[in-house]
Amino acid sequence: MTVTRFAPSPTGYIHVGNLRTALMNYLIARKNGGQFILRLDDTDGERSKQEYADGIKEDLEWLGLHWDRLEKQSDRLDRYHSAADELREMGRFYEAFETPTELDLKRKKLLNMGKPPVYDRAALKLSEDEKAALRTERGDGVWRFKLKQERIEWPDGILGDLSIDAASVSDPVLIRADGQFLYTLASVCDDVDFGITHVVRGSDHVTNTATQIQIIEALGGSVPSFAHHSLLTGPKGEALSKRLGTLALRDLREQGVEPMALLSLMARLGSNQPVEVCSTMDELIEGFDISTFGSAPTKFDVQDLFPLTAQINHARPFPDMADFISSLGVPSEVAEQFWNVARENITVKADLAKWWTLFNEGATPLIADEDAEFVAQAFELMPEFPFDDTSWKNWTAAAKEATGRKGKGLFMPLRKAVTGLERGPDMSAVLPLLQKKPQL
Ligand code: GLU
C-alpha cells in the first residue's frame, strides 16, 4: 500500500512552501488509494509549541487535506534510543566533542584550501581514555553516524537519477550534546516503522536523503521512493525564504483566499501542466502527476491566488453562500437575488459586505460638475419606491425624454449618483435591491 507523510515541525505556522510538500504527499496517497500520515517533528522541545501543532491541523483541515493517522516524534523517543543503540553496536555511531567554534575553524581551513568543508572524523581517533577526559571537561559529546564512503544513488521522482559521493558529506550528527534526537534519525525510524513508501520534500533535503538512505539501510529498513521538489521563489525569482513568514496559510485564509484556489495553483505550479481551477478534491487527485514537475525554481506570486479565488466565488451556487449572506444581515427574501446580482462583482467573499452596505444604506453620490444639473433633474423623475425590475428602464426612458441625453452620458451619471461607483452590476438589477430611496 502507498503510504506518505507530511512532517512539519510545530515551530511555526505552515506557509505556501510547506503546503506544496503536504499537497504532493497527500495527492500521491489518495491517487493510489493509500494512507496519508501527519507527523509532527517535535523533538525540539524548546521550539515546538502546542499552538503551532494545533494551527497546522487547523490549516490542513481548512484545505480539506485530511490525514489518516497522526504521529508525534516526542512520543517515540524510546524507539530512537534503541535505534541509536543498534547503530552503536554495529560500529556506525561515534561520539565527538568538538565545540562549535572548533568546527567552524576546521570548516574555514578547508574552504580556504578550496576543499569541501567536510568533518574530518578526528573523533574516530580518540581513545576511550581521551573520550572520558573530554567528557569530564566538556560534558557529553554529539553522536555522529559514520557514513560508508561510497556513492549514494537513487532515482528521484522529480530530479531524475541522483548520485552523491558520501565522502563529500559530513557524518551527520544524530544526537545533540544535550541528548536531543535530531530529525535525521527520528525521521528514518518513523519512515521505516510506518511503512512510508514515498517521500516528497523540498530540494533543500537532497543531502539529508543521501545520508538517510545509508541510515535506513544500516537499520535494515526499505528505502522509500524519494522526490525533491524545487523551492519556491518570489515572482521575480528572488528567494522567498525570508518572506515565507508573510505567506502563512492562515494569513491567506484571513485575506479570503479560497482553499481550492490555493490547492489548484499548488498542484500545478512548477509542472508542465497549466493551472486550472478544480472544483473538487477528486478532480485535483485525478489530474495530479508528479512526473510533470521540473527541477527549476518555481515562481510564486501571491497575487495569482485572487483571480482564481474570484473564479471559484463567481461559480458558487446560492445554497453554498446562504449562511454567509445571512450573517451579513441580508433578509432571506432578497438573499438569493442579492447573491445573483453581487456575485460577479466580488473577488473574496468578504467583498459582499460592501455590496450589501451599498444596497442597504445607499452610497455617497459621485457626481461630476458637468452632470450635476442633469442628475438633479433625473432624480425628480425617479419612479416610485420600492423599485422593481422595470424601474431602471422606466427611469432612464423618462430622463432621456426630459433631457435628450442618451447612451453612456445618460446611464453613467445615474449609476455614479446611485451607487457612488463607476462600475458594478446591471442597474436594472441593482434598483430592486435598494432598501432606501436614493437621495442626493
Ligand atoms: N520536519 C522536516 C521539515 O519540515 C521534515 C522533512 C521531511 O519531509 O523529511 O523539514
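Scroll up for the structure.
Residues numbered from 1 in each chain as written. Predicted model: local features only at pLDDT ≥ 70, side-chain atom pairs only at ≥ 80, totals over all residues. Heavy atoms only, no water.

Bringing the sheet that holds strand E3 (residues 69-72) into the picture now. The strand order across the open sheet built from 3 strands is E1-E2-E3, with neighbouring strands paired in parallel fashion. Each of the sheet's edge strands pairs with one partner strand only, and the pair in question is strand E1 (3-6) and E3. Looking at each pair of strands side by side, their axes are set apart by 30 degrees on average, direction ignored. As judged from the 4 bridges shared by strand E2 (residues 35-40) and E3, these two strands associate in the parallel manner. Along E3, the bridge assignment pairs Ile 37 with Arg 69. The sheet contacts of helix H1 (residues 16-31) involve E1 and E2, and relative to E1 the element is tilted by about 160 degrees. (Pairing = 2+ DSSP bridges. Helix = DSSP H or I, 4+ residues; strand = E, 2+ residues; numbered from the N terminus. Axes fitted to C-alpha atoms, helices over the stretch in contact; angles between N-to-C directions. Contact = heavy atoms within 4.5 Å.)

A separate point is the side chain of Arg 144. Structurally, the position occupied by Arg 144 is in strand E5 (residues 142-145). Although Arg 144 is buried, it forms no salt bridge, and the closest oppositely charged side chain is Glu 98 at an N-O distance of 5.3 Å. Ignoring any residue separated from it by four or fewer positions in sequence, one finds Arg 144 in contact with Arg 92, Phe 93, Tyr 94, Ala 96, Leu 103, Tyr 119, Ser 170, Asp 171, Pro 172 and Val 173. (Buried < 20%, exposed > 50% of the residue type's maximum accessible area, 1.4 Å probe, protein only. Lys, Arg positive; Asp, Glu negative; His and termini not counted. Salt bridge = Lys/Arg side-chain N within 4 Å of Asp/Glu carboxyl O.)

Every buried residue of helix H15 (residues 372-380) is accounted for by Phe 374, Val 375, Ala 378 and Phe 379. In an axial view of H15, the angular spread of the buried residues amounts to 130 degrees, which keeps them on one side of the axis. Across from the buried face of H15, at angles greater than 90 degrees, the exposed residues are Glu 373 and Glu 380. Buried-residue contacts for H15 involve helix H16 (391-403) and helix H17 (407-419). (Arc of directions from axis to C-beta.)

This structure, assessed with the given rule, holds 12 aromatic pairs. Judged by centre distance (5.7 Å) and plane angle (85 degrees), the rings of Phe 338 and Phe 359 are edge-to-face. Residue Phe 338 is located in helix H13 (residues 332-342), and its partner Phe 359 is located in helix H14 (residues 351-361); the two are separated by 21 residues in the primary sequence. On the basis of relative accessibility, which here comes to 0%, the residue Phe 338 falls in the buried class. Judged by its relative accessible area of 1%, Phe 359 is buried. An aromatic cluster is defined as three or more aromatic residues linked by ring pairs; in this entry it consists of Phe 338, Trp 355, Trp 356 and Phe 359. Lying over the aromatic face of Trp 143, Arg 88 brings its terminal NZ or CZ to 4.2 Å of the ring centre. (Phe/Tyr/Trp six-rings, centres within 6.5 Å; stacked < 30°, edge-to-face > 60°. Lys NZ or Arg CZ within 6 Å of the ring centre and 35° of its normal.)

Scope: geometric values only; no functional claims are made or implied.
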